[in-house]
Amino acid sequence: EKELLKQLKDKEAISKDGVKVGAWANIGSPKDIDGVLRNGAQGIGLYRTEFLFMNNDRFPTEDEQFEAYKIVAEKMQGKPVTIRTMDIGGDKSLPYMELPKEENPFLGWRAIRVCLDRPEILKTQFRALLRASAFGHIKIMLPMIMDINEIRRARKLLEECKAELREEGAKFDKNIALGIMVETPAVAFRAKYFAEEVDFFSIGTNDLTQYTLAVDRGNENISHLYNTYNPAVLEAIRLAIQGAHEAGITISMCGEFAGDANATPILLGMGLDAFSMSAISIPKVKKNIMSLDKKKCEILVEEVMKQTTPDDVLKIVKKFNEENS
Ligand code: PEP
Ligand code: MG
């Protein structure tokens, strides 16, 4: 294991037939960066900022947020750092913010919905992100999008923040990228149209699986039904990648599926541009990519999409992996 880490740390994730993809890390705090660098990540594909909000007894100020984002941007030395705006609600609560008791929190007041209803929260975060963008390569990512208007409203707030900062003479990356998570079927079905509105996509398979299958991701009674290898979820992933590429933007994946060693050939074959996962999974997935032929993976995907049950998918994928490792 340690040996593998050392061997692969500075290598790029390039398939046998020469296709380069990104191997990125997910983080929840600036403290995670050392592990990220140790495991040879080429960027951060998801920084879950809600922990900054949750481990607190009030909203973090603009300056507090700025400091956290700046540290990450600086430590990554120009490598991309994708920072997701606050994804609160669903299963995540804030001790200092009254969230309504809901029958279906995962379908309720969550993430971008909260942020657009409380624009001062989003604007504070945008200002902090913009200011930190002067210290590295920051990209902004919006969670739980399902309607194009959500993107347009968020972008308008972002532009307001840029205008304010310009007025104040603050430095920031004026071309900062704005992207969205693909975690609702609504976006997957209409991927091309969403892709035309943003700079990048990242697939959140944890929620995309939950919302495609109508299976609560945290409910143990139905955990046997929660399966990203379900052909309907794979179809949603395929549509998202296809739509992104039709519109000419890149697409990564930051849900758990990106770090699933069995899934690598499916995702490479579908054309995913970058894999983002917990740092410890990076060497293993990098090694997989380097041992795979993308052309062969494309043929595997054709076979996979003809299967009708998750078990059948897994069976042919496992067989493929045994023959190709
Ligand atoms: C996801 O939904 O796949 C994701 C990466 O976001 P989170 O797990 O934080 O909801
Ligand atoms: Mg999610």
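Our structure is the block above this text.
Residues numbered from 1 in each chain as written. Chains lettered and ligands numbered in written order. Predicted model: local features only at pLDDT ≥ 70, side-chain atom pairs only at ≥ 80, totals over all residues. Heavy atoms only, no water.

**Q** Help me understand helix 10 (residues 205-213), please; the structure alone is not making it clear to me.
**A** Counting along an α-helix, one turn takes 3.6 residues, and residues three or four places apart therefore face a common direction. Among the nine residues in helix 10, eight count as buried, and that is most of the element. Residues of helix 10 that are buried include every one of Thr205, Asn206, Asp207, Leu208, Thr209, Gln210, Tyr211 and Leu213, and no others. Looking at the buried residues of helix 10, the elements they touch are strand 3 (44-48), strand 6 (177-182), helix 8 (185-189), strand 7 (200-203), helix 11 (231-246) and strand 8 (250-253). Immediately beyond the C-terminal end of helix 10, within one or two residues, lies Ala214, with a positive phi of roughly 55°. (Buried < 20%, exposed > 50% of the residue type's maximum accessible area, 1.4 Å probe, protein only. Helix = DSSP H or I, 4+ residues; strand = E, 2+ residues; numbered from the N terminus. Contact = heavy atoms within 4.5 Å.)

**Q** I would appreciate a short explanation of the coordination of the magnesium ion (ligand 2) in the present structure.
**A** Reference values for angles at a metal are 109.5 degrees in the four-donor tetrahedral case and 90 or 180 degrees in the six-donor octahedral case. Distances from the magnesium ion (ligand 2) to its protein donors, namely Glu183 (OE) and Asp207 (OD), fall within the range 2.0 to 2.2 Å. Pair noted here: Glu183 is in the loop between strand 6 and helix 8 and Asp207 is in helix 10, with a separation of 24 residues, a long-range link. Across the pair, exposure class does not vary: Glu183 and Asp207 are buried alike. (Donors = N, O, S within 2.8 Å, 3.2 Å for Na, K, Ca; no water.)

**Q** Would you explain the packing of helix 6 (residues 119-132) against helix 7 (residues 148-168) in this entry?
**A** When two helices pack together, their arrangement is captured by the angle between the axes and the distance separating the axes. For the pair helix 6 and helix 7, interaxial distance at closest approach is 9 Å and the crossing angle is 55°. Considered as vectors, helix 6 and helix 7 are oriented oblique to each other. For the element pair helix 6 and helix 7, the recorded crossing hand is right-handed. Of helix 7, the residues touching helix 6 (which contributes Pro119, Leu122, Lys123, Phe126, Arg127, Leu130 and Arg131) are Ala154, Leu157, Leu158, Glu160, Cys161, Lys162, Glu164, Leu165 and Glu168. In terms of residue class, the contact of helix 6 with helix 7 is made up of nine nonpolar, no polar and seven charged. (Axes fitted to C-alpha atoms, helices over the stretch in contact; angles between N-to-C directions. Parallel < 35°, antiparallel > 145°, perpendicular 65-115°, else oblique. Left-handed = near helix turned anticlockwise from the far one by under 90°. Nonpolar A, V, L, I, M, F, W, Y, C, P; charged D, E, K, R; others polar.)

**Q** Explain the site of ligand 1 here, please?
**A** Neighbouring ligand 1 are 15 residues; Arg48, Arg84, Gly204, Asn206 and Arg217 lie closest to it. Taking Arg84, its side chain carries an N or O atom lying 2.8 Å from an oxygen atom of ligand 1. Residue Asp207 places a side-chain N or O atom 3.0 Å away from an oxygen atom belonging to ligand 1. Protein chains shield 99% of the accessible area of ligand 1, which is 290 Å² for the free molecule. Broken down by secondary-structure element, the contributors of at least two residues to the shell around ligand 1 are strand 3 and helix 10. The element best represented in the shell around ligand 1 is helix 10, accounting for three residues. (Near = heavy atom within 4 Å. Polar contact = N/O pair within 3.5 Å; in protein donor to acceptor, adjacent residues only side chain to side chain. Areas by Shrake-Rupley, 256 points an atom, 1.4 Å probe, with all protein chains shown as cover.)

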